[in-house]
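The residues making up each chain are set out below.
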Amino acid sequence: MNIIPLMQQGFASSSKRVAKMAENFSGDEAFFRPYDKVNHLAWEIGHLAFIRNTIIKLLNPSEKIESYGNERVIFAPGTPLQPNEMYGSISETVEILQKRGEKIIELLENLTQEHWDAESQFKLPFGTTVGSQIWTFFMHESFHLGEISYLKNIVVRNKA
């Protein structure tokens, strides 16, 4: 599977990019929203970390995943934004994102074609195999990176 090294590089790069972008946010900037229908940085990063747990479970269903705080309530797809005080610090959330990214990279190393092609344990509205769901989540991450980039750009320009 030639795609595996590319995905490993992609997850590593995403972790670095998120950490770098998050350096530019301080205090209430983590909760900046240019308008009501947009999520803030604290949610965006937490959501990516939450989804990475799902990827870990796809790669190894017996893997014991670590959950922090009330992440299912505040970061699952479709959850409404919560009061700001419910979110952990950006640095803590970035650290969790990076740790889970490292685990994904490790698990991808041992992924077999048979497991990639296997029926997924998750009944999601996109794809039924482990591989199709991992690929969709990989692409999903890039969409959120774009949103984070825009938030960063607006915050930095507003400081000028």
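Our structure's up above, just so we're on the same page.
All of these numbers come straight from a predicted model, not from anything done at the bench.

A. Looking closely at the pattern of salt bridges. All told, the structure shown has seven salt bridges when counted by the stated rule. One salt bridge in this structure joins K99 and E66, with 3.0 Å as the shortest N-O distance. Separated by 33 residues along the polypeptide, K99 in helix 4 (residues 90-109) and E66 in the loop between helix 2 (41-59) and helix 3 (71-75) bring together distant segments of the chain. Residues R100 and E71 are paired through a salt bridge, measuring 2.8 Å at the closest nitrogen-oxygen approach. Of this pair, R100 sits in helix 4 while E71 is found in helix 3, placing the two residues 29 residues apart along the sequence. Assigned by exposure class, R100 and E71 land together as buried. Among the charged side chains, a network of salt bridges with common partners joins E63, K103 and E106.

Conventions and cut-offs
- Residues numbered from 1 in each chain as written.
- Predicted model: local features only at pLDDT ≥ 70, side-chain atom pairs only at ≥ 80, totals over all residues.
- Heavy atoms only, no water.
- Salt bridge = Lys/Arg side-chain N within 4 Å of Asp/Glu carboxyl O.
- Helix = DSSP H or I, 4+ residues; strand = E, 2+ residues; numbered from the N terminus.
- Buried < 20%, exposed > 50% of the residue type's maximum accessible area, 1.4 Å probe, protein only.

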